[in-house]
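Observations on the three-dimensional arrangement
Here are the chains, one letter per residue:
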Amino acid sequence: MVDEQLARRDITDASVLAAMRSVPRHEFVPGAALDEAYDDRPLPIGHGATISQPYIVALMTQALAVTPRDRVLEIGTGSGYGAAILAELAAEVVTVERVTPLARAAAERLAHLDHVRVVAGDGADPGTVGGLFDAISVTAATPELPTALLEHLAPGGRLVAPVGSDVADLVRVTRSSTGDARETLTKVRFVPLRRGVTD
Ligand code: SAH
């Protein structure tokens with residue numbers, strides 16, 4: 001997966017490639033899809049959610065330029081796979097999922113990682129999640145970047161999010177002393193960011 005789908009494309013960050021090598025993706029897919037765990041595409045995980053394509057996870061992680069001191073926030077835990085990759089690189093990961101059973105299952109998969117916290121809640125307005133984050137990964141598509149999320153971005157912080165609906169722009173916001181710089185990295189497809197919590 002890493003050689004053919006990532007290194008052969010434009011994933012060049014050695015720490016991202018190492019993280020993608022060390023997290024066993026098959027532990028994050030439903031039993032019926034085990035054979036497809038390392039395929040070059042997203043897979044359904046129930047509740048209208050997907051585990052993202054490996055390449056997209058790597059691309060977003062690379063764009064976030066996570067360092068070992070960073071606090072990272074992920075919106076859209078899904079299977080917990082993205083959070084597990086971020087956890088390889090960061091000091092702390094907080095991940096928010098609005099579908100309670102998905103949050104519960106991901107929390108079990110990630111329980112062995114002391115520096116990862118799974119929160120069941122609406123990540124578009126993560127009021128209960130405290131403080132500022134050096135990197136924010138949004139893994140559900142939103143027509144506009146929620147201002148509540150941008151308020152959680154630390155000085156020097158990076159936020160990556162699919163902005164749009166069906167085919168979205170993968171946007172990166174980089175915060176500096178002179179303001180926020182916004183760039184579009186590529187086109188992506190993601191499930192939509194929805195509001196509220198579902199049991
Ligand atoms: N990062 C995931 C991919 C998740 S798919 C992985 O690695 O498996 C997108 C997820 O975002 C879905 O699980 C969906 O339920 C969740 N989601 C959508 N809107 C949300 C919101 N407002 N807050 C938190 N999670 C949300």
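By convention here, each chain's residues receive numbers from 1 onward along its written sequence. pLDDT decides what is reported in this predicted model: residues at 70 or higher carry local features, side-chain atom pairs at 80 or more are listed and counted, and totals for whole chains, interfaces and linings draw on all residues regardless. Side-chain measures were taken over the full set of non-hydrogen atoms in the model, leaving aside hydrogen atoms and water.

**Some words on the site of the ligand**
Neighbouring residues of the ligand: 27 residues in total, closest Ser 79, Glu 97, Asp 122, Gly 123 and Arg 194. Within the side chain of Thr 139, a nitrogen or oxygen atom sits 3.3 Å from a nitrogen atom of the ligand. Each accessible area is a Shrake-Rupley result for a 1.4 Å probe, and residues are judged covered by the shown protein chains and nothing else. When isolated, the ligand has an accessible area of 580 Å², and the protein chains bury 98% of it. Where the shell around the ligand is concerned, the elements lending two or more residues are strand E2 (49-51), strand E3 (71-75), helix H4 (81-89) and strand E4 (92-97). Secondary structure elements are taken from DSSP: a helix is a run of H or I of four residues or more, a strand is a run of E of two residues or more, and numbering for both begins at the N terminus. The biggest single contributor to the shell around the ligand is E2, with three residues. Residue classes follow a fixed rule: Ala, Val, Leu, Ile, Met, Phe, Trp, Tyr, Cys and Pro count as nonpolar, while Asp, Glu, Lys and Arg count as charged, and any other residue, Gly among them, counts as polar. Of the residues belonging to the shell around the ligand, the class tally is twelve nonpolar, ten polar and five charged. Near, as used in this document, describes a residue that has one of its heavy atoms within 4 Å of the molecule or strand being considered. Under this definition, polar contacts are N or O atom pairs within 3.5 Å; protein pairs additionally need one hydrogen-donor-capable and one acceptor-capable atom, and for neighbouring residues in sequence, both atoms have to be side-chain atoms.

**Considering the pattern of salt bridges**
Salt bridges are defined by distance alone: a side-chain nitrogen of Lys or Arg within 4 Å of a carboxyl oxygen of Asp or Glu. Evaluated as defined, the whole model comprises eleven salt bridges. In this structure, the salt-bridge partner of Arg 41 is Glu 36, at a minimum N-O distance of 2.7 Å. For the exposure calls, accessible area comes from a 1.4 Å probe over protein chains only, and a residue counts as buried if that area is under 20% of its type's maximum, exposed if over 50%, partly exposed in between. By relative accessible area, Arg 41 is classed as partly exposed at 35%. For Glu 36, a relative accessible area of 27% translates into the label partly exposed. In the salt-bridge network here, residues are joined through shared partners; they are Glu 36, Asp 39 and Arg 41.

**As for the nonpolar core**
Residues Leu 6, Ile 11, Met 20, Val 66, Tyr 81 and Val 93 are the most contacted members of the largest nonpolar core, which totals 47 residues. Of all elements in the fold, only helix H1 (2-7), helix H2 (14-22), strand E1 (43-46), E2, helix H3 (54-64), H4 and strand E8 (168-176) reach the threshold of two or more residues within this core. Ranked by the residues each element gives to this core, the list is headed by H3, at eight residues. Contacts between residues were defined by any pair of non-hydrogen atoms, one from each residue, lying within 4.5 Å. Not counting the four nearest positions on each side in its chain, Met 20 is found in contact with Met 1, Val 2, Leu 6, Pro 54, Val 57, Ala 58, Tyr 81 and Ile 85. Grouped together as the second largest cluster of nonpolar side chains are 21 residues, Val 96, Ala 124, Val 138 and Val 171 included. Grouping buried Ala, Val, Leu, Ile, Met, Phe, Trp, Tyr and Cys residues that are joined through side-chain atoms within 4.5 Å yields what is termed a nonpolar core.

**Considerations on the packing of aromatic side chains**
Two rings from Phe, Tyr or Trp (for Trp, the six-membered ring) form a pair when their centres sit within 6.5 Å of each other. Planes less than 30 degrees apart are called stacked, planes more than 60 degrees apart edge-to-face, and all others tilted. One pass over the structure, following the stated rule, counts one aromatic pair. Ring centres of Phe 28 and Tyr 81 lie 5.6 Å apart, and the angle between their planes is 65°; this geometry places the pair in the edge-to-face category. Linking Phe 28 in the loop between H2 and E1 with Tyr 81 in helix H4, this pair joins segments that are 53 residues apart in sequence. Judged by its relative accessible area of 4%, Phe 28 is buried. On the basis of relative accessible area, Tyr 81 is assigned to the buried category, the value being 1%. The ring centre of Tyr 81 lies 4.9 Å from the NZ or CZ of Arg 25, which sits over that ring. Here, over-ring charges are defined by two tests on the NZ atom of lysine or the CZ atom of arginine: distance to the ring centre within 6 Å, and angle to the ring normal within 35 degrees.

The quantities given are spatial measurements derived from coordinates; they are silent on function.
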